[in-house]
Amino acid sequence: MAIRPILIIPDARLRAVADPIIEVDDEIKTLAKDMLDTMYDAPGIGLAAPQIGVMKRIVVMDLAGEGEPPAPLVMINPEITHFGEQMQVTEEGCLSIPELYYEVERPNEVTVKYTDLDGKDVTKAAEGKLAVCIQHELDHLDGVLYIDYLSRLKRDRVIKKFDKAAKRAAG
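Residue numbers here run from 1 along each chain, matching the order of that chain's written sequence. Note on the predicted model: pLDDT of at least 70 is required for a residue's local features to be given, and 80 or more for side-chain atom pairs to be given and counted; whole-chain, interface and lining totals, by contrast, use all residues. Hydrogen atoms and water are omitted, and side-chain values are computed over all heavy atoms in the structure.

- The name given to the protein in an unreviewed UniProt entry is Peptide deformylase, with the source organism recorded as Devosia elaeis.
- UniProt positions are given in the numbering used here, feature names are shortened, and annotations may be inferred rather than shown by experiment. Quoted verbatim from the Sequence similarities (unreviewed entry) field of the UniProt record, the comment on the protein reads "Belongs to the polypeptide deformylase family."
- Quoted verbatim from the Catalytic activity (unreviewed entry) heading of the UniProt record, the comment on the protein is "N-terminal N-formyl-L-methionyl-[peptide] + H2O = N-terminal L-methionyl-[peptide] + formate".

As structure tokens, then:
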């Protein structure tokens, strides 16, 4: 088990576009396991590789409720192929923007195409919380954060708060 440090804004790597994964090899399988371990430890329901400083197109998530057995989902090179018409507003948070939660509007349904850890191509339809989690995590692969969906005023306030904290930490 390897728990890796999670990057916090304003780390520039969170704004970079991740590279496609060419082959599902042992390195990728270890990365997926480390990501799940890191996500569970945080605790969170999703994590993208750029959040731990690895610029690869892989995300993990697990939306199992308390008392339910874990249901880890690993998506390699994921791509949303369809967005539903209906929108939903949900409160989102992010392990890279700790302790802040804001309401974000996103499509209620998505279809995602990805490769699993066995190298198989998968197409999955998702709705509700899973659809939101997929969109949130896939945004990370393109350097997009959920705060980008907020009003400019709210987003600037969040960024300023974390810029100050980073300056204090660098001291």
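**Side note on the UniProt feature "active site" (unreviewed entry) in the protein**
Then comes step 1: UniProt's feature table lists "active site" (unreviewed entry) at Glu 137, given in the numbering used throughout.
Then comes step 2: Its place among the elements puts Glu 137 in helix α2 (residues 128-141).
Then comes step 3: Note on classification: 1.4 Å probe, protein chains only; a residue is buried when its accessible area is under 20% of the maximum for its type, exposed when over 50%, partly exposed between these limits. Residue classification places Glu 137 among the buried positions, given a relative accessible area of 4%.
Then comes step 4: Residue contacts are defined here by distance: any two heavy atoms, one from each residue, within 4.5 Å place the two residues in contact. Non-local contacts of Glu 137, meaning those with residues more than four positions away in its chain, are made with Gly 46, Leu 47, Ala 48, Gln 51, Val 59, Val 60 and Met 61. Helical segments are the DSSP runs of H or I of at least four residues, strand segments are the runs of E of at least two, and each set is numbered from the N terminus.

**Details of the nonpolar core**
Then comes step 1: Definition used in this section: a nonpolar core is a set of buried Ala, Val, Leu, Ile, Met, Phe, Trp, Tyr and Cys residues joined via side-chain atoms within 4.5 Å. The biggest cluster of nonpolar side chains holds 17 residues, and the ones touching the most others in it are Val 59, Met 61, Met 75, Ile 134 and Leu 138.
Then comes step 2: Those elements that place two or more of their residues in this core are β2 (58-61), β3 (73-83), β6 (109-115) and α2.
Then comes step 3: Setting aside chain neighbours within four positions, we find Val 59 in contact with Met 35, Leu 47, Ala 48, Leu 73, Val 74, Met 75, Pro 78, Glu 137, Leu 138 and Leu 141.
Then comes step 4: By size, the runner-up hydrophobic cluster in this structure holds 15 residues, among which are Ile 21, Met 35, Val 60 and Val 74.

**Overview of helix α1 (residues 26-41)**
Then comes step 1: With 16 residues, α1 ought to run about 22 Å at 1.5 Å a step, and its terminal C-alpha atoms sit 22 Å apart, in line with that.
Then comes step 2: Residues Ile 28, Leu 31, Ala 32, Asp 34, Met 35, Leu 36, Asp 37, Thr 38 and Met 39 constitute the buried set of α1.
Then comes step 3: Buried-residue contacts for α1 involve β1 (46-48), β2 and β3.
Then comes step 4: For α1, the side-chain oxygen to backbone nitrogen distance between the N-cap and Glu 27 is 3.3 Å, and the N-cap itself is Asp 25. In this analysis, the expected span of each helix is defined as 1.5 Å times one less than the number of residues it contains. N or O atoms closer than or at 3.5 Å make up a polar contact, with two conditions inside protein: a donor-capable atom paired with an acceptor-capable one, and, for residues adjacent in sequence, both atoms drawn from side chains.

**So, the sheet that holds β6**
Then comes step 1: In this scheme, strands are said to pair when DSSP sees at least two bridges between them. Spatially, five strands are ordered β1-β2-β3-β6-β7 in an open sheet, and the strand pairing comes out antiparallel. Of all the strands in the sheet, just β1 and β7 (121-127) have a single pairing partner and so form its edges. Averaged over all pairs of adjacent strands, the angle between strand axes in this sheet comes to 40 degrees, irrespective of strand direction.
Then comes step 2: With four bridges joining them, β2 and β3 adopt antiparallel strand pairing. Directly across from Val 59, in β3, lies its bridge partner Met 75.
Then comes step 3: Contacts from α1 reach β1, β2 and β3, with the element oriented near 40 degrees to β2. Each axis is a line fitted through C-alpha atoms, and for a helix only the stretch in contact is used; angles between axes span 0 to 180 degrees, taken between their N-to-C directions.

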